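# Chain and residue survey
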Amino acid sequence: MQGDKKKTTTPVASVGADAGQSNLCSENSIANMTEDFNSCEKSLEELLREMKLMEEPNYLHTVSKRELYQKVYTGRPAIIDGLLNSGAYILAGAPKIGKSFLVAQLAYHVSTGQKLWNYDVHPATVLYLALEDDFQWLQARLFRMFGVNDSATKNCC
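My aim in this report is to walk through the structure given alongside it, one point at a time. This is a predicted model, so every value here is computed, not measured. (Residues numbered from 1 in each chain as written. Predicted model: local features only at pLDDT ≥ 70, side-chain atom pairs only at ≥ 80, totals over all residues. Heavy atoms only, no water.)

## Observations regarding the packing of aromatic side chains
The final tally for this structure, using the stated rule, is zero aromatic pairs. The side chain of Arg144 reaches across the aromatic face of Trp137, ending 5.7 Å from its centre. (Phe/Tyr/Trp six-rings, centres within 6.5 Å; stacked < 30°, edge-to-face > 60°. Lys NZ or Arg CZ within 6 Å of the ring centre and 35° of its normal.)

## Some thoughts on the packing of helix H3 (residues 99-112) against helix H4 (residues 135-146)
Close contact between H3 and H4 brings their axes to 11 Å; oriented N to C, the two are set at 60°. Relative to H4, H3 is oriented oblique. Between H3 and H4 the crossing geometry is right-handed. Mapping the contact onto sequence places Ser100, Phe101, Ala104, Gln105 and Tyr108 in H3 and Arg141, Met145 and Phe146 in H4. By residue class, the composition of the contact of H3 with H4 is five nonpolar, two polar and one charged. (Axes fitted to C-alpha atoms, helices over the stretch in contact; angles between N-to-C directions. Helix = DSSP H or I, 4+ residues; strand = E, 2+ residues; numbered from the N terminus. Parallel < 35°, antiparallel > 145°, perpendicular 65-115°, else oblique. Left-handed = near helix turned anticlockwise from the far one by under 90°. Contact = heavy atoms within 4.5 Å. Nonpolar A, V, L, I, M, F, W, Y, C, P; charged D, E, K, R; others polar.)

## Considering the layout of surface pockets
Approximately 1,100 Å³ is the volume attributed to the largest pocket. If you go around the largest pocket, you meet 31 residues; those closest to its centre are Leu91, Lys99, Ser100, Val103 and Tyr128. Elements represented by at least two residues in the lining of the largest pocket include exactly H3 and H4. For the lining of the largest pocket, the element with the highest residue contribution is H3, accounting for eight residues. Classifying every residue of the lining of the largest pocket by side-chain character gives 21 nonpolar, five polar and five charged. (1 Å grid on protein atoms, 1.4 Å probe; cavity = no way out; pocket = protein on both sides within 12 Å on 5 of 7 lines; lining within 4 Å. Points joined across faces, edges and corners; volume = space filled by probe spheres on them.)

Functional significance is not addressed by these values, which are geometric in nature.
Now the structure itself:
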């Protein structure tokens, strides 16, 4: 080695499409920053800008990681305690194993508020869409499940 010079890598490394790498030295450090990035307060201008964005027809609400960690979200109550929470579900299985019958039974218990298999049920209005069945099939299923009792399905549309 010559003198006090230390062996170093090339000052301009090949990055991307052979673009040069900056030799600038920065004195900026997260530890030296004075801004409070943990503050939950937003300026009035920021809030107005966000409200205006939400009015746009193609607006898609997103949540930052920071907001996700800092905000306290309250859960939605269960529909059937310990069995069925609010949300979207896909019920899939082989044909003719009772999927539609199960969903009709769930709809009935939720619409009447009656316990289902010893689970407490919170009554609610139910919209049951049986898009693959015709009216005769639905009628026969309802008669098998509930008999001719029309009051049993008063909250089920």
